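Remarks on the overall topology
Letter by letter, the chains look like this.
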Amino acid sequence: MKYVLVTGGVVSGLGKGVTASSIGLLLQACGLRVTSIKIDPYLNTDAGTMSPFEHGEVFVLDDGGEVDLDLGNYERFLDSTLTRDNNLTTGKIYQSVIDKERKGDYLGRTVQVVPHITDAIQEWIERVANVPVDGKEGPPDVCVIELGGTIGRYFLLTDITQMSGFYLLMFCAGDIESMPFIEALGQFSYKVGPGNFCLVHVSLVPVLSVVGEQKTKPTQHSVRGLRSLGLTPNILACRSTKALEDNVKTKLSQFCHVPEENIVTLYDVPNIWHVPLLLRDQKAHEAILKELNLLGKAVEADVTEWTARTKIYDTLQDPVRIAMVGKYTGLTDSYLSVLKALLHASVACHKKLVVDWVAASDLEEITAQETPDVHKAAWDLLKGADGILVPGGFGDRGVQGKILATKYARENQVPFLGICLGMQLAVVEFARSILGFEDANSTEFEPETPSPCVIFMPEGSTTHMGGTMRLGSRRTYFQVPDCKSAKLYGNAKFVDERHRHRYEVNPDMIQEIENAGLSFVGKDETGRRMEIVELQKHPYFVGVQFHPEFKSRPGKPSALFLGLIAAASGCLEAVLQASGKVSKVSTTRVANGAATGKVYQNGNVYSNGNGLHH
């Protein structure tokens, strides 16, 4: 087994996750089998109870693991299926060690960070690295490990008197919670030996705007801090606004003890699909293969299809506008997988994705009274959209706004996709508007409602939050063979998608709702849990209890997102006739001509949110 460790220095947000994913994709393109591990040093057992404002979205895996969003990048880039064990946290490690101590596995010895915690980390990495994630038998060839946190971070401190205007730039070797992992990885690199371990350090080379000079000191200090902790980088991946100048590479090589050919630049690119190509063009994969003694086993990297898809992405002009009506619109990473799924579908339809962010609460009447300009702007965005998407979420803030957006989509024949809570609120809105149940609601927001359209699941826990939802891959059976959803899934009889919810549509109200025209075309194996809802006399009105965004891939867009974009673009019928299939990326032609760099008036052009774009 070979290991590639990706660390980050100077500041957070440099794109370690995208870099690790891109390295994995390149190694995969060289004919190697690749798996991934993300190390998150926080004490949480998993990401399940963390606010989206803390770490972005919670990504859900097939086995029900609630993990860091970087694992979503790994799965999308490598088209792999990871498990909860591929996300290692301080909480998991300490819990496993304490459980062993309670059972007496340490035979009365004093349990310490070194060696017990560090040994547990190494054992976890070795065990998970040998588990295949590509559906094939046998262990992978390479495991790419991303260490969360920052090594060699700078802090800006002001003078305590706040009078002199003096500022101090303070350097520290690394985040304190990362230290057990850094120690363990230092031991691990020695244990597996040269030729089996390659460290890629992602660092920052800032450009001072005053003189336009690339400064190497932050990276020098970051590497010095890394070396002081027992880890020596083999490759430097330097984030900068432009390609590194030759003299800058020479200087970094001299002071960081890294060969010049092993120093690559991750300069700003239009989108993250360029990053693997950027690394390929600088022969980063060859440097890694050389460090791992894999040059004889690997073949020449074949990224033909990836390159063609990236060119199409760059040159799309014809826009499709999607209004994203959500609660966490202030942080786009809260809906990262939804954005990626929209992007995959848009590229497949040869459309330029434009996302209009609509804070759900801005659509509500109370906003009209307090800030009428904000209310009008939100409704203008909604009414100007080609399609409307209401994603999942928790809590009652903005619920009424989401219901109003859903009602607008239903009444005005605007393509609509509701996910999880979005699907539940579509049912609530229908019950209120069509069935006349003005007090219809979810018991999540009104426990004593006389018309409970959405109820707490019987098997759910009311006392514990973490890991107690209906999680992971579950099977949905189509009840109506010729419904839009079934056609988009290739006329399948069933589909497996990932779930994350505590509430469900009330099965006792299904018959009445269906009699009024809203069809539950997908149900679970019992027939009592509603999974997919469609409004038949509508261009595209679909709600799903599951999260189709988690299984969308650049070359294999999610069926229901493809349906939304196709309906919003006026080509749904063609996609349905093709049973939800889209033609493979053409390697000889780029759609829609040359890019014009057009900026839309509201400025809400899609952004990938990772610092690797203009």
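Residues numbered from 1 in each chain as written. Predicted model: local features only at pLDDT ≥ 70, side-chain atom pairs only at ≥ 80, totals over all residues. Heavy atoms only, no water.

With an unreviewed UniProt entry as reference, the chain is termed CTP synthase, source organism Brassica campestris. Quoted verbatim from the Function (unreviewed entry) field of the UniProt record, the comment on the chain reads "Catalyzes the ATP-dependent amination of UTP to CTP with either L-glutamine or ammonia as the source of nitrogen." As stated in UniProt under Catalytic activity (unreviewed entry), the record for the chain gives "UTP + L-glutamine + ATP + H2O = CTP + L-glutamate + ADP + phosphate + 2 H(+)". (UniProt positions renumbered as here; feature names shortened; annotations may be inferred.)

1. Structural notes on the overall build of the chain
On a plain count of helices and strands, the chain comes out with 20 helices and 25 strands. Out of the 614 residues belonging to the chain, those deemed buried represent 57%. For the chain, the exposed surface amounts to about 25,500 Å²; the carbon and sulfur share of it is 51%. (Helix = DSSP H or I, 4+ residues; strand = E, 2+ residues; numbered from the N terminus. Buried < 20%, exposed > 50% of the residue type's maximum accessible area, 1.4 Å probe, protein only. Areas by Shrake-Rupley, 256 points an atom, 1.4 Å probe, with all protein chains shown as cover.)

2. With respect to the sheet that holds strand 19 (residues 451-456)
Spatial ordering of the open sheet is given by 18-19-22, a layout of three strands whose pairing is mixed. The strands lining the two open edges of the sheet, one partner per strand, are strand 18 (440-442) and strand 22 (503-505). The average undirected angle you get between the axes of adjacent strands in this sheet is 25°. The pairing of strand 18 with strand 19 spans three bridges and is parallel. Following the sheet pairing, A440 is matched in strand 19 by S451. The strands touched by helix 16 (residues 421-433) are strand 18, strand 19 and strand 22; relative to strand 18, the strand with the most contacts, the crossing angle is about 165°. (Pairing = 2+ DSSP bridges. Axes fitted to C-alpha atoms, helices over the stretch in contact; angles between N-to-C directions. Contact = heavy atoms within 4.5 Å.)

3. Some thoughts on the side chain of R498
For R498, the location among the structural elements is in strand 21 (residues 494-501). There is a polar contact of 2.9 Å between the side chain of R498 and the backbone oxygen of V60. (Polar contact = N/O pair within 3.5 Å; in protein donor to acceptor, adjacent residues only side chain to side chain.)

4. A few points about the packing of helix 14 (residues 372-383) against helix 15 (residues 399-411)
Look at helix 14 against helix 15: their axes get within 11 Å of each other, and the N-to-C directions meet at 35°. As for how helix 14 packs across helix 15, the hand of that crossing is right-handed. Facing helix 14, whose interface residues are W379, L382 and K383, helix 15 presents L404, A405 and Y408. Within the contact of helix 14 with helix 15, the residues separate by chemical class into five nonpolar, no polar and one charged. (Left-handed = near helix turned anticlockwise from the far one by under 90°. Nonpolar A, V, L, I, M, F, W, Y, C, P; charged D, E, K, R; others polar.)

5. Structural notes on the environment of L292
Assignment of secondary structure puts L292 in the loop between helix 10 (284-291) and helix 11 (304-315). In this structure, the C-alpha to C-alpha distance between L292 and Y3, residues 289 residues apart in sequence, is 8.0 Å. Residues contacting L292, with those up to four places away along its chain left out, are K2, Y3, V4, V142, G195, N196, F197 and C198.

6. Describing a nonpolar patch on the surface
Among the surface-exposed residues, Y94, I98, V113 and V114 lie close enough to one another that they form a single nonpolar patch of about 310 Å² accessible area. Mapped onto the fold, I98 is located in helix 4 (residues 90-103). Judged by its relative accessible area of 47%, I98 falls in the partly exposed class. (Patch = residues over 30% accessible without salt bridge, like charges linked within 9 Å, V, L, I, M, F, W, Y side chains within 5 Å. Salt bridge = Lys/Arg side-chain N within 4 Å of Asp/Glu carboxyl O.)

7. Brief notes about empty space enclosed by the protein
Evaluation of the coordinates by the stated rule reveals five cavities of 30 Å³ or more. Its volume calculated, the largest cavity comes out at about 70 Å³. Around the largest cavity, the lining residues are G393, F394, C420, L421, Q424, E444, R500, H501, R502 and Y503. Put simply, the parts of the chain that give the lining of the largest cavity at least two residues each are helix 16 and strand 21. Reported here for the second largest cavity is a volume of approximately 50 Å³. Forming the walls of the second largest cavity are N73, R76, F77, I272, W273, K340, L343, H344 and P554. Class assignment for the residues of the lining of the second largest cavity results in five nonpolar, two polar and two charged. (1 Å grid on protein atoms, 1.4 Å probe; cavity = no way out; pocket = protein on both sides within 12 Å on 5 of 7 lines; lining within 4 Å. Points joined across faces, edges and corners; volume = space filled by probe spheres on them.)

8. Notes on the nonpolar core
In this structure, V4, L342 and L389 are the most contacted members of the largest nonpolar core, which totals 97 residues. When residues in this core are grouped by element, the largest group, nine residues, is from helix 19 (residues 559-569). Ignoring any residue separated from it by four or fewer positions in sequence, one finds L389 in contact with I322, A323, M324, V325, V338, L342, L417, I419, F561 and L564. Among the nonpolar cores identified, the runner-up in size contains 42 residues, and A385, A409, V428 and F520 belong to it. (Core = buried A, V, L, I, M, F, W, Y, C linked by side-chain atoms within 4.5 Å.)

9. A closer look at the pairing of strand 17 (residues 416-419)
By the alternation rule, side chains of strand 17 split into F416 and G418 and L417 and I419, which are all buried. Pairing analysis gives three bridges linking strand 16 (residues 387-390) to strand 17, with the strands arranged parallel. Residue V390 lies in a different strand from strand 17, and its bridge partner there is G418. In this view, the connection linking strand 16 to its parallel neighbour strand 17 by way of helix 15 has right-handed handedness. (Right-handed = clockwise from strand over helix to strand, strands pointing away.)

10. So, the pairing of strand 25 (residues 541-544)
Every second residue of strand 25 is oriented toward a common face, with F541 and G543 on one face and V542 and V544 on the other, all of them buried. Strand direction decides the pairing type here: strand 24 (residues 530-535) and strand 25, joined by three bridges, are antiparallel. Paired with E534 across the two strands is V542, which belongs to strand 25. Hairpin connection, strand 24 to strand 25: the antiparallel pair is bridged by five residues.

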